[in-house]
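# Structural description and commentary
If you want the building blocks of each chain, they are given just below.
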Amino acid sequence: MKKGYLGFFVSLFLLAGTAWGDAIKIPVASPFTGQLASFGEGVKNGALLKGSEINASGGIRGRKVKIVLEDELCDPKEAATVATKLANDPAVSIVVGHLCSSATLAALPIYRAAKLPAISPASTNVSIGKMSPFYFRNVYKDDFQGLFLAKYAHFVKGYKKVAIFYEVNDYSMGLMLAFMKEAKKLGIKILGTEAYTADTTDFKPQLTKFKMMKPDAIFIPGYAPQGTLIVSQAVSLGIRNAGFFGADGLDDDLMLKNPDAEGLFVTTPFLPDKAGPRAAGFIRAYRKAYGKDPNWFAANSYDAVGLAAAAITAVGQDRVKIRDYLASINTREKAYEGVAGKTYFDKNGDCLKDAFVKEIRGGKWVSAQKQLRQ
Amino acid sequence: MKTILRVARLSKSFGGISALQDIDMEAREGQIVGIIGPNGAGKTTLFNCLSSLYHPSAGQIFFGDRPIAPEFSSKKKKLVAACALVFLFLSLLWTPIFWSLFVPGALFKVETVMLGLLLLGVRFFTFRGLRRFEIWAWGLIFLFLAADICLALFLGGRPLSQDRFLGTSLPLGWVGTPWALAALPFSLFFGLQLCTAPARRLFGFKIGPDAVTRLGMARTFQNIRLFFHLSVLDNVKIGAHCTMRSGIWRSLFRTRRQRAEEEGAEQEALNLLRFVGLEQRALVLADALAYGEQRRLEIARALASRPRLLLLDEPAAGMNPQESADLIRLIRRIREKGVTVLIIEHDMKVMMNLADIIYVLDYGRMIAQGTPEQIRTDPKVIEAYLGGGVHAPA
Amino acid sequence: MSRRTRPALPPGLIMPLIFLLALLLPWIPLGPSSNYVLRVLTTAVLYMILALGLNIVPGFTGLLDLGYVGFYGIGAYTSGLLAIHYDLSFWWILPLAALNGALWGILLGAPTLRLTGDYFAIVTFGFSELVVLVIRNELWLTRGPMGLPGISPPSLLGHTLTKDWEFFYLVLFLLAVVLFVVTRLEDSRLGRAWFAIRGDEIAAQCCGINLIRYKVTAFAISASIGAMGGAFYAKWFKFIHPDMFKFWESILILCLIVFGGMGSIRGTMLGALVLIPLTEILRAVLPQELFSARYLIYGLTLVLMMRWRPAGLIPFERAQEALARRAEARIRSRRGGEQGP
Amino acid sequence: MGPLHELLDQSSLFLQQLVNGITLGGVYALIAVGYTMVYGVIQLINFAHGEIYMLGAFLAYTMVTVLHLPFFVAFILTILLCSCFGILLDFIAYRPLRQAPRLAALITAIGMSIFLQNLALMIWGSQIKSFPRELLPAVFSRPALVLGEITVSWLQIFILTITVLFMAILHFIIHRTQVGTAMRAISHDKVTSALMGIGVNRVISFTFAVGSAMGGMAGILVGLYYNAIFPTMGYIAGIKAFAAAVLGGIGNVPGAMLGGGVLGIAEVLGAGYISSEYRDGISYAVMIAVILFKPSGLIGKPTGDKV
């Protein structure tokens, strides 16, 4: 029984490994099912859109591109399995992924060992960059974003007393630490920090504490699903004259459904109306394909696939050459022009990119009147 | 003949209903002692007290000269309570003192938590009877653990600073935490010793059923309690548990000693199975045995612990006359091996045939004792069994 | 005892044979996906180890333990921290992690094993959640949700393991060690005491078995095997994260042993070999559109399996029959020895 | 700010936290009842109960947003549907396993839980949903009581009233009606009850129906209260509720209520005063401590093993 079973399963893998035809494979690894599937959706849509656009314009060197979606549920264990699968597939020369930093960190050593370059459209954890020369990302790091937010809160909004409500995860804590460091310099008083976990829906105890502190604003360096709950629960508790702000984690249409979130502002790597003509086409195509506006996950993954395609076009399917090509995009002049601005990498493979601020006005995301120039 | 079992003024009550009241009895070496009585007379309760599955409410049991159930007077209980309270205070004091040694200024912060834990402890303490004392003591240890962990977290510097995240230069508040974690096992150990050891020594704990078996008293059960999913042989080998010594390491490395022991146990188990007539069935699962065979297996398992006293709880229940005749022979042979037998039985024929001395229980009281002939003619017994006035049970 | 199920091969030979097959596996040419298969199989074998460890508590001793992942996490973090801070070799880390697991097993087990049934289960569950919370929140020690990256891979005689087949061999070796331990213990005084406790606690007590002592022993051994699994996991992944040790893992491992047959060593291993690659097989089989049905099918498999074979693939009774056959062989050979010249 | 002001602030903080805690406790209690009743009758930890709670929230959401039913109609319909669903669950998954080992039933429950969770994920997607405010009775979004810094909403009052009301009804059912007596008899001894002419399966179905109805109701209330409905919401709430049931003494309805209350308050006060990082840990620690000291729960009766 055991042997028969083994044979069956081995042949399945063989099948999976060889079934694709002549197309150039660009795998996209992200959570497409499970709790974080809603984040992965943007990544999926953006990547598929770019893929079909490339194919419509004749493919890469005359060959079609096939976007292969690899689901890893944001689970480090699954991410490592997926990474092994990709690393051992000779048809794969570059990977777009992963989304969660924990998944990225689990997959990283495997890509490194297989000399397989990877571009993450969304992992913002600070410690990733130094881990591997084969890892790139076209999204900024948490520390940059936190610093930017502190400056914005101080110079544009003029907040004096801020309370921080963070999620116990790497993204949120990295942001918080960067924000606090800069806030200290700028003289913003941090009234208190409270934590929550992703699986909770009751934020009232912590918010009640904030209410008594009477902050000017509450900084929520978390994700939208919890962010929207936090805002509405805060309002129902009677926190009315405090502002709310967050980072790109809150940049989601989910927030728009919440009438209490009026006035909330966030940082984002991608602003449709500030992105120039290149983005306009993207937004139109995206609306046509999926019936809604792209979020920054979509824009970044669109760009990441574009970068991958550009690299393959330039140097072919050799993994190390692709890596060298990507690493050579290291100044503003050589930058890849994507829909989410120019992308170029520093020596760690981290990208240096502008951040924008947008806020909710009348139930819509609009770019904030005042942007902060770096 | 030496007395092997002595029961003095034994009482047992369940939430106000007394199942046994002032039982006095004794068994001498080599006797077969019978206990009879109508249903609900408290026979099985008596057995459970003897094998320490129940703890008597009052009275004493001596096995040889070893007390199995020491008496707990209410005065003694109060003393235990007082002592435990002292230990509680000591143990709760201990943690902040320990902490203040490592982290100056910790004492003050900690007081509220300690007070809360103290109140909690005292409150639960007043609820607990002595029977659950051990659980109670363990609960206390858990409090210790909780307190230490709470402290470790408390003192761990509530503000989340950059230093903490990078883990390079620890702020002063953190010096305590690794120490606290390192000290946890010690604190647990000493806490345990503080709470349980003196109480054990001073007041004598009840002996567990396993210890009773090790002392040489084995039993069977009214409703058969075999290990049904194990083989017959293994059932008997489990019975021989306390005659063997090998532990984890010897079993892992199959030392010569362990192998010899296993072999001996297996041989003896087979001998015992032959003794009760189950040798042919040694390698089937106990589930597959017939009812009468299961009864005999239970006896074999009890004998495997090499007991001096064997308690048989209705061994003939559900047997046909042929089987009970076999059983009578078997019990006689057991006695010939030098094992004293204490037997509960409904089947009067079996009892009258077997017993040297019979005790009669009714409604938790001992109403008669004597040789089978005396019992047969005792008017109290006749009344208990038949509601009075009619002939003696045959 | 059904003769039908008796294998044609001598029973002592089956396990080594399967091991031999497993050792040959990396050299079967599977083309490009060979390493992928190996990685999935390494995961499966790791879960076999974990399941064999957990099996000792609910399978042998009959106590429902929902907190196993706590020990797994303790082992992984012990291994990761020792590797990062002290740069110890894997061969030192392994026993240390096992010891640490056993220590916590005893600390948790000693007070809680007095509780009965589901109360024990729920306390162990609480424990594992607390372990994860501590790992998640004590940044100074574990870096919390940032995870512990950069754990050095194990090395053997100066050679650092990097290849997938090397890890596969390593995990097979660990499986062999664990298998040795559990099979030896299963057929010993200790194992019988555990089975007795599983069968009937009161009868076991009256056979002279000290319940607490044997339960704590079982719990400690189980915990140390779990910690060993964790130690390997950390060294293999080179990165650990609190999310890896969520309650779900405990449930998964429990599913493996119930699916395979609780209390039966082979069943437990078979359960892991079937269920762990299942999600990957579904990944390969299902078209991309039906991807989200992966865990749906997984759940359904569990339900249907329990419906048809509630005692698992290889039930406990079968394992006990196998033990009895072994005893029979022993007795027969002894008799043969006596009757010989 | 004088010391008096400070004191006032502190005490209103405490009171507000208490109100939060009691509401949370009420929700836990409602879910816990389903666990405790099923456990009491067939000694099964029904892991899928949390999923019924989730389904309750989604069903009500669908009825309100897609079918445009008035809220209270949707509320009652959902409860009915959930109880039917509970019966169905028992019929499909658990009834065939009545004679099987207990762990087999437990694994079935886990399998059902995974299955339902993923089913909901496929049907409704992973995005968090919330009841559109304009489709709900307006009174829910208004505060009922504003006392200085303390706010109590009508929704909170609604939740607490429903909890207390249904607990009272349940208590009545269990102790005063025939089916309640049958339930208690079955929890004591299934075989004997069957011999006494009790339709065991029917009574168990009834138990599932009542428990699931309460679970579904809790789902709607939580969906309203926190404004969040998502496929995995049943998992953590289910576990907390189970802890609450154990805390109060499993198999005991007033116990579930007490346990829910204690757990909710402990959790909220713990998050408010000790550490919000260890919020869940505090509730588990309280639970463990109670079990260690009083293994039968706060008001459960110790059960002895009959020798």
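Parameters and conventions
- Residues numbered from 1 in each chain as written.
- Chains lettered and ligands numbered in written order.
- Predicted model: local features only at pLDDT ≥ 70, side-chain atom pairs only at ≥ 80, totals over all residues.
- Heavy atoms only, no water.
- Helix = DSSP H or I, 4+ residues; strand = E, 2+ residues; numbered from the N terminus.
- Buried < 20%, exposed > 50% of the residue type's maximum accessible area, 1.4 Å probe, protein only.
- Contact = heavy atoms within 4.5 Å.
- Areas by Shrake-Rupley, 256 points an atom, 1.4 Å probe, with all protein chains shown as cover.
- Lys, Arg positive; Asp, Glu negative; His and termini not counted.
- Charge placed at Lys NZ, Arg CZ, Asp CG, Glu CD.
- Rg over C-alpha atoms; globule rule 2.2 N^0.38 Å.
- Pairing = 2+ DSSP bridges.
- Axes fitted to C-alpha atoms, helices over the stretch in contact; angles between N-to-C directions.
- Domains from an automatic or database assignment.
- Buried area = accessible area lost by both parts, 1.4 Å probe.
- Expected span 1.5 Å × (residues − 1).
- Polar contact = N/O pair within 3.5 Å; in protein donor to acceptor, adjacent residues only side chain to side chain.
- Core = buried A, V, L, I, M, F, W, Y, C linked by side-chain atoms within 4.5 Å.
- Disulfide = S-S within 2.5 Å.

### A closer look at the overall build of chain A
Summing up its helical and strand segments, chain A has 11 helices and 14 strands in all. Structurally, chain A occupies a C-alpha span of about 65 × 55 × 40 Å along its principal axes. Looking at the 374 residues of chain A, the share that counts as buried comes to 64%. Counting contacts in chain A only where the partners sit at least 6 residues apart, residues at least 24 apart contribute 70% of the total. When the accessible surface of chain A is summed, it comes to about 12,900 Å², and 55% of that surface belongs to carbon and sulfur atoms. Mean positive and mean negative side-chain charge positions of chain A (49 and 35 charges, respectively) differ by 3 Å.

### Regarding the overall build of chain C
Within chain C, the regular secondary structure consists of 14 helices and 4 strands. Since a compact globule built from 341 residues should have a radius of gyration of about 20 Å, the 21 Å found for chain C is in line with a globular shape. Seen through its C-alpha atoms, chain C measures out along the principal axes to roughly 65 × 50 × 45 Å. In chain C, buried positions account for 68% of the 341 residues. Considering only intrachain contacts with a sequence separation of at least 6, the fraction spanning at least 24 residues in chain C is 77%. With 29 positive and 19 negative side-chain charges, chain C shows a spacing of 7 Å between the two charge centroids.

### Regarding the sheet that holds strand S7 (residues 309-313) of chain B
Residues and elements named next belong to chain B. The strand order across the open sheet built from 6 strands is S6-S7-S8-S3-S9-S10, with neighbouring strands paired in mixed fashion. Edge strands, defined here as strands with exactly one partner in the open sheet, are strand S6 (217-219) and strand S10 (365-370). Across the sheet, the mean angle separating the axes of adjacent strands is 20° when strand polarity is ignored. Two strands pair when backbone bridges link them, and strand S3 (residues 32-36) and strand S8 (residues 340-344) are joined in this way by 4 bridges, in the parallel orientation. The partner of Ile32 across the bridge, within S8, is Val341. This element, helix H1 (residues 43-50), spans S3, S6, S7, S8 and strand S9 (357-362) of the sheet and lies at about 145° to S8. Relative to S7, helix H11 (residues 291-304) is tilted by about 160°, and along the sheet it contacts S6 and S7.

### Some points on the domain arrangement of chain A
By a widespread convention, an interface's size corresponds to the accessible area lost as its parts come together. Residue and element names in this part refer to chain A. Annotation of chain A at the domain level lists domain 1 (3-140 + 275-343) and domain 2 (143-268 + 356-367). One C-alpha centre belongs to domain 1, the other to domain 2, and the line joining them spans 30 Å. Taken residue by residue, the interface counts 10 residues in domain 1 and 12 residues in domain 2. A buried area of about 1,100 Å², summed over both sides, lies between domain 1 and domain 2, and 56% of it is on carbon and sulfur atoms. Together, Phe39, Tyr140 and Trp296 form the three largest contributors to the area buried by domain 1 at its contact with domain 2, with a combined 53%.

### Here's the deal with helix H10 (residues 256-276) of chain B
Residues and elements named next belong to chain B. With 21 residues, H10 extends 30 Å from end C-alpha to end C-alpha; this agrees with the ideal 30 Å at 1.5 Å per step. Restricting attention to buried positions, one finds in H10 the residues Gln258, Glu261, Glu262, Ala265, Glu266, Ala269, Leu270, Leu272, Leu273, Phe275 and Val276. Phi for Gly277, located one or two positions after H10, is positive at around 80°.

### Points about the environment of Tyr36 of chain C
All names here are of chain C. With respect to the element layout, Tyr36 can be found in helix H2 (residues 34-61). Given a relative accessible area of 3%, Tyr36 falls into the buried group. Linking Tyr36 and Glu138, residues 102 residues apart in sequence, is a C-alpha distance of 35 Å. Of note is the side chain of Tyr36, whose polar atom sits 2.5 Å from the side chain of Glu280.

### Focus: the nonpolar core
Generally speaking, a soluble globular protein has its nonpolar side chains buried in company with each other. In this structure, Ile240 and Phe245 of chain C are the most contacted members of the largest nonpolar core, which totals 285 residues. If one sorts the elements of this core by residue count, H2 of chain C sits on top with 16 residues. Shared between two domains, this core holds at least three residues of each, these being domain 1 (3-140 + 275-343) and domain 2 (143-268 + 356-367) of chain A. Look past the residues within four positions of Phe245 of chain C in its chain and what remains in contact with it is Val69, Tyr72, Gly73, Ala76, Tyr77, Val132, Tyr233 and Ile240 of chain C. Listed in part, the 83 residues of the second largest apolar core include Tyr171, Phe265, Tyr302 and Ala335 of chain A.

### Some words on the state of the cysteines
Residues and elements named next belong to chain A. Per the stated rule, a full pass over the model turns up 1 disulfide over all chains. Between Cys74 and Cys100 runs a disulfide, and the two sulfur atoms are separated by 1.6 Å. Judged by the torsion about the S-S bond (70°), the Cys74/Cys100 disulfide is right-handed. Of the two residues, Cys74 sits in the loop between strand S2 (65-71) and helix H3 (76-87) while Cys100 sits in the loop between strand S3 (95-97) and helix H4 (101-114), which places them 26 residues apart along the sequence. With relative accessibility at 13%, the residue Cys100 sits in the buried group.

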